[in-house]
Amino acid sequence: MLIKRLQKKKKSDGTFENYTFLVLTPTLITLINSLNLTMLLKSKFLKEITDEFENYPKNSDEYKLLFYIFVEHGYMKYFTNGKNFANYSAYTFVENLNIKTCPYCNRNYIFVVKKGKLRPEIDHFHPKTVYPYLAINYFNLIPSCQTCNKTKSDKLNIDWINPYDVNKIDYKLTYKPKSINFTEVESLKYDFDSFDIDFISINENIKTFKLKELYKQHKDIVLELLIKKAYYPKSYIEELKAFGFSEDEVYRYLLGNYKKEEDLHKRPLSKLIKDISEELDLI
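Being a predicted model, the structure only gives us computed values, none of them experimental. (Residues numbered from 1 in each chain as written. Predicted model: local features only at pLDDT ≥ 70, side-chain atom pairs only at ≥ 80, totals over all residues. Heavy atoms only, no water.)

Asks: Kindly report on the overall build of the protein, identifying the contributing residues and their values.
Replies: Each helix and strand counted, the protein has 13 helices and six strands in total. A total of 283 residues make up the protein; the buried ones form 41% of that total. Taking the intrachain contacts of the protein between residues at least 6 apart in sequence as the baseline, contacts between residues at least 24 apart amount to 62%. Element-wise, carbon and sulfur atoms account for 53% of the exposed surface of the protein, whose accessible area totals about 15,900 Å². (Helix = DSSP H or I, 4+ residues; strand = E, 2+ residues; numbered from the N terminus. Buried < 20%, exposed > 50% of the residue type's maximum accessible area, 1.4 Å probe, protein only. Contact = heavy atoms within 4.5 Å. Areas by Shrake-Rupley, 256 points an atom, 1.4 Å probe, with all protein chains shown as cover.)

The structure is reproduced here in structure tokens:
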């Protein structure tokens, strides 16, 4: 069936590109027969796939065939265009993931509105122009905000961390006081010039997406936490608990944030708030 579909395709200049010649060689027929679609669509181990799968030159028949099957006939025709594939599309994909903020930056919401045809951009962690056979692999598709998707573009860096593989320490944030007396609980002396925001360690994702520079612009969030540290002593928190509020409820009430790691995607800047509040021993 797949071979029969490889017919002439109209190009943007009005001419036709003939894909049928691609299936005339035994080599290409062998390539098609060797494709493990379950692995290419659903395997989480992308590094193993790219290590085992040969990367063909872009002008080769093998590359053109893979690009047609997975990018043009798969991702472009069905996945990105909900009209062509009513049962499943990028909209459904993002809804099923149920991720509320960009997994690259945790700074912007990535909501879906089907009726208004609004959805986040879909980044290919391994660029589809380099790895066409991963164009519709679930773990290679990262719903992201426009800023992060445009920043990453089709760049390729083997040291990037896939959002599906992120550990807590990979993006751990901290604040750095600029004076030795900064840790004293005096709310009136806190201002934007009295501290910096930084990451505990730096990785390629933080460099690529300019997260260090971007998070420095969220000092207002950290300043609010510092002031709350001054105004909400431990005794006040214990009083709230005595009224029957759970620790999670007190956390939400005081900080307007989620405490559990698995919930941090639900609100922008939740990782920043969690890391700094824990460092301050705020609750």
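That was the structure; now back to the text.
Asks: An account of the packing of aromatic side chains is requested, with residue identities and associated values reported.
Replies: Per the stated rule, a full pass over the model turns up eight aromatic pairs. With a centroid separation of 5.8 Å and 80° between ring planes, the pair formed by Phe199 and Tyr215 is classed as edge-to-face. Taken together, the residues Phe199 in strand E6 (residues 195-199) and Tyr215 in helix H9 (residues 211-215) connect sequence positions 16 residues apart. Assigned by exposure class, Phe199 and Tyr215 land together as buried. Note that Arg119 overlies the ring of Tyr91, its terminal NZ or CZ placed 5.7 Å from the centroid. Across the ring face of Phe195, the terminal group of Lys219 is positioned such that the distance to the ring centre comes to 5.4 Å. (Phe/Tyr/Trp six-rings, centres within 6.5 Å; stacked < 30°, edge-to-face > 60°. Lys NZ or Arg CZ within 6 Å of the ring centre and 35° of its normal.)

Asks: How would you explain the packing of helix H10 (residues 219-231) against helix H13 (residues 270-279) if you had to name every residue and give the values?
Replies: Put simply, H10 and H13 touch, their axes get as near as 10 Å, and they point 35° apart. Considering how the two elements wind past one another, H10 and H13 form a crossing that is right-handed. Residue-level contacts link Ile221, Val222 and Leu225 of H10 to Leu272, Ile273, Ile276 and Ser277 of H13. Residues belonging to the contact of H10 with H13 are distributed by class as follows: six nonpolar, one polar and no charged. (Axes fitted to C-alpha atoms, helices over the stretch in contact; angles between N-to-C directions. Left-handed = near helix turned anticlockwise from the far one by under 90°. Nonpolar A, V, L, I, M, F, W, Y, C, P; charged D, E, K, R; others polar.)

Asks: Run through the environment of Glu224, naming residues and quoting values.
Replies: Turning to its location among the elements, Glu224 is positioned in helix H10. A relative accessible area of 45% means that Glu224 is categorised as partly exposed. In sequence terms Glu224 and Ile273 are 49 residues apart; their C-alpha atoms lie 9.8 Å from each other.

Asks: Break down the side chain of His126 for me, with residues and values.
Replies: Take His126: it is sitting in the loop between strand E3 (121-124) and strand E4 (141-144). Those residues in contact with His126, other than ones at most four positions away along the chain, are Leu46, Thr50, Tyr131, Leu134 and Asn140.

Asks: Lay out the nonpolar core with the relevant residues and their values.
Replies: Membership of the largest hydrophobic core comes to 37 residues, with the highest contact counts inside it found for Leu211, Tyr215, Val222, Leu255 and Leu272. Among the elements of the structure, strand E5 (173-177), E6, H9, H10, helix H11 (234-242), helix H12 (247-255) and H13 are those that each provide at least two residues to this core. In terms of residues, this core owes the most to one element, H10, which gives five residues. Filtering out sequence-adjacent residues up to four positions away, Leu211 remains in contact with Tyr104, Cys105, Tyr171, Phe199, Asn205 and Ile206. In terms of nonpolar packing, the next biggest core, distinct from the first, is built from 29 residues, Phe53, Leu66, Val71 and Tyr91 among them. (Core = buried A, V, L, I, M, F, W, Y, C linked by side-chain atoms within 4.5 Å.)

Asks: Break down unusual backbone geometry for me, citing the residues and quoting the values.
Replies: Of note in the backbone geometry, Asn106 takes a positive phi value of approximately 55° without being a glycine. The topology assignment puts Asn106 in the loop between helix H6 (90-97) and E3. Backbone geometry places Ser153, a non-glycine residue, at a positive phi of 50°. Relative to the helices and strands, Ser153 is located in the loop between helix H7 (146-152) and E5.

Asks: Could you give an account of the pattern of salt bridges, with specific residues and numbers?
Replies: Pairing between side chains of opposite charge can happen when their charged atoms approach one another. The final tally for this structure, using the stated rule, is 11 salt bridges. Notably, a salt bridge pairs Lys176 with Asp198, separated by 3.1 Å at the nearest N-O pair. Pair noted here: Lys176 is in strand E5 and Asp198 is in strand E6, with a separation of 22 residues, a long-range link. Here Lys176 falls in the partly exposed class, since its relative accessible area comes to 42%. Note that Glu238 and Lys241 form a salt bridge whose closest N and O atoms lie 3.8 Å from each other. With Glu238 and Lys241 both in helix H11, this residue pair falls three residues apart, about one helical turn. Its relative accessible area of 44% is what places Glu238 among the partly exposed residues. You can call Lys241 partly exposed: its relative accessible area is 29%. Within the structure, one salt-bridge network assembled from shared partners comprises Lys172, Lys271 and Asp275. (Salt bridge = Lys/Arg side-chain N within 4 Å of Asp/Glu carboxyl O.)

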